[in-house]
Amino acid sequence: GVFAAWWLYIGRPGLVAEVTGKPAGDLIHRLALSGWGFDALYNAVFVKPFIWAARVNRGDFVDLFSRGVAWSNSRLSLSLARTQSGMVRQYALGVVLGAVIALGLVLVL
Amino acid sequence: MILFWIVFIPLVGGLLAWAAGSQGPHATRKNEIMARWISLIALAIDLVLVICLWLSEPYTVGIAGGAWIAEVNRPWLPALGISFHLAMDGISLLLVLLTVFLGMAAVISSWTEIEGQVGFFHFNLMATLTGIIGVFIAMDLFLFYFFWELMLVPMYFLIALWGHEKRIYAAAKFFIFTQLSGLFMLTSILGLYFIHGRETGIYTFDYFKLLETPLESGTAIFLLLGFLAAFLVKLPAVPFHTWLPDAHTEAPTAGSVILAGLLLKTGGYGLLRFAVPLFPGASVELAPLAMTLGIVGILYGAVLAFAQSDLKRLVAYTSVSHMGFVLLGVFAWNEMALQGVVIQMLCHGISTGALFILAGALQERIHTREMPRMGGLWVVAPRMGGVWLFFALASLGLPGMGNFIGEFLILLGTYQVSVVMAVLAALGLVVSTVYAVWMAQKAFFGANPEGWRIPDLEAREMTMMAAMIAMILWLGLYPQPYLDTARGGLLSLQKIAGAASTGSLIKIIGRQQ
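For clarity, every value in this text was computed on a predicted model and none was experimentally measured.

**Details of unusual backbone geometry**
Residue and element names in this part refer to chain B.
Moving on, step 1. Residue P236 follows L235 across a cis peptide bond; omega there is -5 degrees.
Moving on, step 2. Relative to the elements of secondary structure, P236 occurs in the loop between α8 (217-234) and α9 (243-250).
Moving on, step 3. Phi is positive for W333, close to 50 degrees, though the residue is something other than glycine.
Moving on, step 4. Relative to the assigned elements, W333 resides in the loop between α12 (311-332) and α13 (335-366).
Moving on, step 5. Of the residues examined, W333 reaches a relative accessible area of 5% and is grouped as buried.
Moving on, step 6. Unlike most non-glycine residues, H367 shows phi in positive territory, near 55 degrees.
Moving on, step 7. Within the secondary structure, H367 is located in the loop between α13 and α14 (377-380).

Right, dumping it as structure tokens:
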């Protein structure tokens, strides 16, 4: 190992430049320089998916359930509130209809 | 009787603070200062009382063969079997100590933050603390439920009246979640009450008598689910945690400190004291599910913490993650895991409380919680940066600080039960490093795009931070006194659970693996 290092950098200094000039040699050089490419590997396998998973779920999908409950409650209350017209005639009509239905049920059942 | 005083002195202090602080439209600054000092003094008296109890060895009160430090037992509504029964053992002592300590930190941290109705603010603060202390030492299930609900209403007011932008939404969400789950617990309590009455002829809410209720496994699971509903929502465990980020973010600083530091621990305490000992067989059956929920909580909370841009929301999600460890440890149910649970609850309370105080202090200065707008604050506020980094490191579980002890013991305990779960939970240590370092870097390092120039932490804030740093270092470097205090209580809990089930939880879970 020591001899190889001496040979490459002191014994034959032009050898390294010659090897890295060729595309295959350049690839090996870059691979060794970047620590077998582990940084890029970690980046692709761990970092990017982690950041993606975190960003995509920023609003917390589990919260959708309780937000859904809250939303449907306010929709229900708003639509029921539409029956409050303030016109007493309509309220009286409602009372009469309800009484008729109740009476009918009592007679039928 | 000392327990009675420990519970009610904060409430009395709160009433006096309310009276002192509110003189209608004529309330002056002097009134406000008086309200604050009264609250602080009341809590200081409480602290002295609790420390006296702590230092009074040996444990002389023996109820049900356990190691109890103090007890108060008076009949309250004997016709219904309700008694005013308080009892404190090592676990509750440590948690009450945490309560009073964090209560004082909350009062000190809101010295300049609260404007408007300062007396009422302190009354709500004190009432919540009374509820929390009561929860930690109540031994009668009806009384426990009473204090459980007592915690909720003043906290709702704290969030809704003095909170931030989305305070009404957050307060309502918090109240509905915890109240509803509490109602499930009430159903279980009543179920236990009636079954015990039917089987033995005695109708009682007393914890020690109800421990011996003979239950079939189906019934036991239903009743346990009721208790778990309340405690898992409070803890919070993952599917039910969504009230937490909103409540913690929108609450005022003192509210956040009490929420994160104390209210979450009531869930953990409830699991330790009530859920598992009352239903050991059912706990064994639900343990794998509960531990899985714990692990999901650890990882999910950590990933989501990393994703937040709001500083307080980030810290809130870290609470979800840390409490996942607590859930994991409780259902591992061996001595090491339980010791870890107690230490984790104490340390998480202090470190997250400190982070919320710092976030509140930062918000008071730059009027925003958005991390993209922050950066490079260490240069302008080095003391704040240093303390923030300290607590960020504590949060990620750096050895030397108490959180490491807690998480490590829980992992050791879980390893004895299930290796797979321990490995998955240990991943939580990696993910927590990500969010802790991220939050420190985003806020305090890097460039300062908006050119903030802010006053650094002042003497009042530094004193409080120094006390909390000292506590975390004490717990991290020399936790033995705390472990010793809790040991007696934990052993008796294990004995109670072990005696009633057909074998220790470890063995049964081990066989199922």
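**Considering the packing of α8 of chain B against helix α11 (residues 280-307) of chain B**
All names here are of chain B.
Moving on, step 1. Running from N to C, α8 and α11 cross one another at 35 degrees; their axes reach a closest spacing of 9 Å. Considering only the axes of α8 and α11, their crossing is right-handed. Contacts between α8 and α11 involve S217, A220, I221, L224, L225, L228 and L232 from the former and A282, S283, E285, L286 and L293 from the latter.
Moving on, step 2. Within the contact of α8 with α11, the residues separate by chemical class into nine nonpolar, two polar and one charged.

**Comments concerning the packing of aromatic side chains**
Residue and element names in this part refer to chain B.
Moving on, step 1. For the structure on display, the rule yields 45 aromatic pairs over all chains.
Moving on, step 2. Measuring from centroid to centroid gives 5.5 Å for W68 and F208, while their planes differ by 85 degrees, and the two rings are edge-to-face. One end of the pair, W68, is in strand β1 (residues 68-77); the other, F208, is in helix α7 (residues 207-210), and 140 residues separate them in sequence.
Moving on, step 3. Residue class for F208 comes out buried when judged on its relative accessible area of 10%.
Moving on, step 4. With a centroid separation of 5.1 Å and 80 degrees between ring planes, the pair formed by F121 and W162 is classed as edge-to-face. In this pair, F121 sits in helix α4 (residues 118-137) while W162 sits in helix α5 (residues 141-162), placing the two residues 41 residues apart along the sequence.
Moving on, step 5. Its relative accessible area of 0% is what places F121 among the buried residues.

**Some words on the layout of surface pockets**
Moving on, step 1. For the largest pocket, the calculated volume is near 700 Å³.
Moving on, step 2. In terms of lining residues, the largest pocket is bounded by 27 residues, among which F65 and S66 of chain A together with F177, L180 and F240 of chain B are the most central.
Moving on, step 3. For the lining of the largest pocket, the secondary-structure elements that each account for two or more residues are α5 (63-81) of chain A together with α6 (167-200), α8 and α11 of chain B.
Moving on, step 4. With eight residues, α6 of chain B is the single largest residue contributor to the lining of the largest pocket.
Moving on, step 5. By residue class, the composition of the lining of the largest pocket is 21 nonpolar, four polar and two charged.

**Looking at helix α18 (residues 459-477) of chain B**
Residue and element names in this part refer to chain B.
Moving on, step 1. The first and last C-alpha atoms of α18 sit 26 Å apart over 19 residues, in line with the 27 Å expected at 1.5 Å per residue.
Moving on, step 2. Among the residues of α18, those classed as buried are R460, E461, M464, M465, M468, M471, I472, L475 and G476. The arc that holds every buried residue of α18, seen down its axis, measures 135 degrees, which confines them to one face. When the buried face of α18 is taken as reference, the exposed residues oriented beyond 90 degrees from it are A459, T463 and L477.

**Here's the deal with the environment of V387 of chain B**
All names here are of chain B.
Moving on, step 1. Secondary-structure assignment places V387 in helix α15 (residues 382-396).
Moving on, step 2. Through-space distance from the C-alpha of V387 to that of L224 is 42 Å; in sequence the pair is 163 residues apart.
Moving on, step 3. Not counting chain neighbours up to four residues away, the residues in contact with V387 comprise L358, L457, M462, M465 and I469.

**What about empty space enclosed by the protein?**
Residue and element names in this part refer to chain B.
Moving on, step 1. Summed over all chains, the structure comprises one cavity of 30 Å³ or more.
Moving on, step 2. Of the pockets and cavities examined, the largest cavity occupies roughly 50 Å³.
Moving on, step 3. Mapped by element, the contributors of at least two residues to the lining of the largest cavity are α13 and α18.
Moving on, step 4. Ranked by residue count, the leading element in the lining of the largest cavity is α13, at four residues.
Moving on, step 5. Its residues placed into classes, the lining of the largest cavity shows two nonpolar, three polar and four charged.

**Describing the side chain of H248 of chain B**
Residues and elements named next belong to chain B.
Moving on, step 1. Tracing the backbone shows H248 in helix α9.
Moving on, step 2. Residue classification places H248 among the buried residues on the basis of a relative accessible area of 0%.
Moving on, step 3. A polar atom in the side chain of H248 sits 3.3 Å from the backbone nitrogen of A260.
Moving on, step 4. If near-sequence neighbours (up to four positions away) are discounted, H248 is found in contact with S256, L259, A260, L264, K312, A316 and F356.

**Notes on the confidence of the model for chain B**
Residue and element names in this part refer to chain B.
Moving on, step 1. For chain B, the mean per-residue pLDDT works out to 88, and 94% of the residues sit at or above 70.
Moving on, step 2. Low pLDDT, under 50, characterises residues 501-513; the stretch is placed with 19 contacts to residues that sit more than four places away or in other chains.
Moving on, step 3. For this predicted complex, the interface score ipTM comes out at 0.72, while the overall pTM is 0.88.

**Points about the pairing of strand β2 (residues 82-89) of chain B**
All names here are of chain B.
Moving on, step 1. Across the eight residues of β2, eight count as buried, placing the element largely inside the fold.
Moving on, step 2. Alternating residues of β2 divide into I82, F84, L86 and M88 and S83, H85, A87 and D89, and every residue in both groups is buried.
Moving on, step 3. Note: β1 against β2, eight bridges, orientation antiparallel. Along β2, the bridge assignment pairs P75 with S83.
Moving on, step 4. Joining the antiparallel neighbours β1 and β2 is a turn of four residues, in which G81 adopts a positive phi near 80 degrees.

**With respect to the packing of helix α10 (residues 253-278) of chain B against α13 of chain B**
All names here are of chain B.
Moving on, step 1. Two elements in contact, α10 and α13, have axes separated by 7 Å at closest approach and are oriented at 170 degrees. In terms of axis orientation, α10 runs roughly antiparallel to α13. In this structure, α10 crosses over α13, and the sense of that crossing is right-handed. In this structure, α10 uses T253, S256, V257, A260, G261, L264, K265, G268, Y269 and L272 to contact α13, whose residues at the interface are L338, V341, V342, M345, H348, G349, T352, G353, F356, I357 and G360.

**Examining the pattern of salt bridges**
Moving on, step 1. Taken as a whole, this structure holds 15 salt bridges over all chains when the rule is applied.
Moving on, step 2. Notably, a salt bridge pairs D89 of chain B with R273 of chain B, separated by 2.8 Å at the nearest N-O pair. Of this pair, D89 of chain B sits in strand β2 while R273 of chain B sits in helix α10, placing them 184 residues apart in sequence.
Moving on, step 3. The class of D89 of chain B is buried, set by a relative accessible area of 0%.
Moving on, step 4. A salt bridge links R460 of chain B to E461 of chain B; the nearest nitrogen and oxygen atoms lie 3.9 Å apart.
Moving on, step 5. Overall, R460 of chain B belongs to the buried group, its relative accessible area being 18%.
Moving on, step 6. A relative accessible area of 6% places E461 of chain B in the buried class.
Moving on, step 7. A cluster of three or more residues bridged by salt bridges with shared partners is formed by D63 and R67 of chain A together with K173, D246 and R313 of chain B.

Rules and cut-offs
- The residue count restarts for each chain, going from 1 along the sequence in the order it is written.
- The naming scheme follows written order: chains are lettered A onward, ligands numbered 1 onward.
- Reporting of local features is limited, given that this is a predicted model, to residues whose pLDDT is at least 70; pairs of side-chain atoms are given and counted only at 80 or more, and all residues count toward the totals for whole chains, interfaces and linings.
- Excluding hydrogens and water, the side-chain values take into account all heavy atoms of the structure.
- Each helix is a run of H or I in the DSSP string that is no shorter than four residues. Each strand is a run of E no shorter than two, and both are numbered from the N terminus.
- In this scheme, a residue with accessible area under 20% of its type's maximum is buried, one over 50% is exposed, and one in between is partly exposed, where area comes from a 1.4 Å probe on protein chains only.
- Throughout, an axis means a line fitted to C-alpha atoms (over the contacting stretch in the case of helices), and angles, computed between N-to-C directions, take values from 0 to 180 degrees.
- Here a crossing is taken to be left-handed if its near helix is turned anticlockwise relative to the far helix by less than a right angle, and right-handed if that turn runs clockwise.
- By definition in these notes, contact holds between two residues if any of their heavy atoms fall within 4.5 Å.
- Each residue receives one of three labels: charged for Asp, Glu, Lys and Arg, nonpolar for Ala, Val, Leu, Ile, Met, Phe, Trp, Tyr, Cys and Pro, and polar for the others, Gly being one of them.
- Between rings of Phe, Tyr and Trp, where Trp is taken as its six-membered ring, a pair exists when centres lie within 6.5 Å; planes separated by under 30 degrees are stacked, by over 60 edge-to-face, and by other angles tilted.
- Both site types are read off a 1 Å grid over the protein atoms alone. A 1.4 Å probe that fits but cannot get out defines a cavity, while an open set with protein on both sides within 12 Å along at least five of seven lines defines a pocket; lining residues have an atom within 4 Å of a point.
- Grid points are joined across faces, edges and corners, and a volume is the space filled by probe spheres set on the points.
- By this rule the span expected of a helix is its residue count minus one, scaled by 1.5 Å.
- An arc is given here, and it is the one of the directions from the helix axis to the C-beta atoms.
- Counting of polar contacts relies on pairs of N or O atoms within 3.5 Å, with two restrictions inside protein: one atom must be capable of donating a hydrogen and the other of accepting it, and residues adjacent in sequence are counted only when both atoms are side-chain atoms.
- Per residue, pLDDT captures the predictor's confidence, and it can take any value from 0 to 100.
- A pair of strands is labelled paired if DSSP reports no fewer than 2 bridges between them.
- An angle counts as roughly parallel when it lies under 35 degrees, as roughly antiparallel when it exceeds 145, as roughly perpendicular when it falls between 65 and 115, and as oblique in every other case.
- The salt bridge criterion pairs a side-chain nitrogen of Lys or Arg with a carboxyl oxygen of Asp or Glu, the two atoms within 4 Å.

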